[in-house]
Amino acid sequence: MRPWDRGLTSVILPAYNAAPYIREALQSVFDQTYPSFEIIVVDDGSTDGTAEIVREYAAADTRVTLVRQSNQGVGAARNTAIRHARGIYIAPLDADDRWAPDKLQKQVARMVAMGASAGLIYCWYRSINGDGNVLGYSDRHTVEGRAPRAMLLRNLTGNASVPLFRATTLKALGGYLTRAEQGGGQGFEDWDLSLRVSERFDVGVVPDHLVDYRQAPHCMSTNARSMSRSLAVVMDEARRRNPGIAPREFRWSKGNFYYYVTRRAFRWSKNSVDVRSLALAVVADPIYLLNLQTYRMVGRSVVYWLTGGRIFCTRGRKVEAYPREGHGPAPRKNEPSEEENASSVGQRLFGRIQSKRWSAVLLESAPEGV
């Protein structure tokens, strides 16, 4: 029996002012080798041509459904789509991301192979820029089974367009956190849901890069303040649900993700580091004081502030900042080179500590007898 003979997959696609990229996202679904799907697009109060574009697709293909609502945030939009979904599997896709053609086929096959205990299948992904060019690749995690510690420390899914969920799993857990439930913030509701799934169900992996995750100045992950509010709520709830996980692991996780927020905002905000997020990362986990990237970000931010935002530095040279508001510099690799890492005792120590922590999590997550 083929995987798609097991039932319908509902692709849920929240969209807010997504006109520049939503055609790419939709086309990546139509290109799937897995034929049994429906697409539910929730237009979350867009003011551009998003709804008109989706109507074109819906008129040409009855598998596409458009739902419109006032702006309530991405979590609420996904929950609306889930309420309209008819499939036995739920596959979220953000409107500026895209899938490889065999994404659904491989994930459904893995879900079927793992059986009823599996609630989530993840995969690897590539980061792309606004033009679709590849910026980098995700970590190649292979953790499977009941894995709340691994999901807490590293977020195995990585972004909202990666996971495939069993619909009954989401029904049992109640869906995504809304913007209102995150104190007005958003950005970590996808990780929160993946974490809750990993606490009660098995997770599985397809070890292949099947998602293109778009990184651009307009992306939610560049809004440090909103992301920080979201993270605080998610961490508090995770701590409450998991009293058996050591407090130090929550501190490590908190430091890791606040540092992530800092790096994302830094990359796209003309070299202006988010001081609050960086401070929260260091307070939660002081090992970031060993990371050479911390001092690179602070140093470049000082140059930016001293010049009133007119100049940012990259790799030892000065570059004029973009003159128009909201147009930051092109993405660049902020991480130190291998040569720089090798010359930094602190950097090597930082890497060893992180590796030791992750190895301990992997050891505990390994199946019995391995």
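Residues numbered from 1 in each chain as written. Predicted model: local features only at pLDDT ≥ 70, side-chain atom pairs only at ≥ 80, totals over all residues. Heavy atoms only, no water.

Novice: Just give me the short version of a nonpolar patch on the surface, but keep the residues and values in it.
Specialist: Together, Val-275, Val-298, Val-302, Trp-305 and Leu-306 make up an exposed nonpolar region whose accessible area comes to about 470 Å². The element contributing the most residues to the nonpolar patch is helix H11 (residues 292–306), with four residues. Relative to the assigned elements, Trp-305 resides in helix H11. (Patch = residues over 30% accessible without salt bridge, like charges linked within 9 Å, V, L, I, M, F, W, Y side chains within 5 Å. Areas by Shrake-Rupley, 256 points an atom, 1.4 Å probe, with all protein chains shown as cover. Salt bridge = Lys/Arg side-chain N within 4 Å of Asp/Glu carboxyl O. Helix = DSSP H or I, 4+ residues; strand = E, 2+ residues; numbered from the N terminus.)

Novice: Give me the lowdown on the side chain of Ser-253, citing residues and values where you can.
Specialist: Among the secondary structure elements, Ser-253 is positioned in helix H9 (residues 247–268). Here the side chain of Ser-253 touches Leu-152 through a polar contact of 2.6 Å, landing on its backbone oxygen. Leave out the neighbours within four places in its chain, and Ser-253 touches Leu-152, Leu-153, Trp-191 and Met-235. (Polar contact = N/O pair within 3.5 Å; in protein donor to acceptor, adjacent residues only side chain to side chain. Contact = heavy atoms within 4.5 Å.)

Novice: Please provide a residue-by-residue account of unusual backbone geometry, values included.
Specialist: In this structure, Asn-17 is a non-glycine residue whose phi angle is positive, near 50°. When you line up the elements, Asn-17 lands in the loop between strand S1 (9–15) and helix H1 (22–30). Although it is not a glycine, Asn-155 adopts a positive phi angle of roughly 55°. In this structure Asn-155 comes out as buried when scored by relative accessible area, which is 9%. (Buried < 20%, exposed > 50% of the residue type's maximum accessible area, 1.4 Å probe, protein only.)

Novice: Explain the pairing of strand S6 (residues 118–128) residue by residue, including any values.
Specialist: Within S6, ten of the eleven residues are buried, which leaves the element mostly enclosed by the surrounding structure. Here S6 pairs with strand S9 (residues 202–214) via ten bridges, running parallel. Along S9, the bridge assignment pairs Leu-120 with Val-203. By the bridge criterion, two bridges tie S6 to strand S8 (residues 164–166) in an arrangement that is antiparallel. Bridge assignment links Leu-120 to a residue of S8, and that residue is Phe-165. When S6 meets strand S7 (residues 134–137), the two strands line up antiparallel, connected through three bridges. Bridge pairing in S7 places Ile-128 opposite Val-134. Hairpin connection between S6 and S7: a loop of five residues separates the two successive antiparallel strands, and Gly-132 in this loop has a positive phi of roughly 90°. (Pairing = 2+ DSSP bridges.)

Novice: Could you give an account of the nonpolar core, with specific residues and numbers?
Specialist: If you look at the biggest cluster of nonpolar residues, it comprises 89 residues, and the most contacted ones within it are Leu-13, Ile-22 and Trp-191. Those residues within four positions of Trp-191 in sequence are excluded, and the remaining contacts are Met-151, Leu-152, Asn-155, Leu-231, Val-234, Met-235, Ser-253 and Phe-257. (Core = buried A, V, L, I, M, F, W, Y, C linked by side-chain atoms within 4.5 Å.)

Novice: Can you break down H1 residue by residue, with the values?
Specialist: For H1, the complete set of buried residues consists of Ile-22, Ala-25, Leu-26, Ser-28 and Val-29. Viewed end-on, H1 has its buried residues packed into an arc of 155°, placing them on one side of the element. Tucked inside the fold, the buried residues of H1 contact S1, strand S2 (37–44), helix H2 (50–60) and strand S5 (98–99). (Arc of directions from axis to C-beta.)

Novice: Which residues make up the confidence of the model for the protein, and what are the values?
Specialist: With 83% of its residues at a pLDDT of 70 or more, the protein has an overall mean of 85. This model gives residues 313–343 a pLDDT under 50, and the stretch forms 68 contacts once residues within four places in sequence are excluded. (pLDDT = per-residue confidence, 0-100.)

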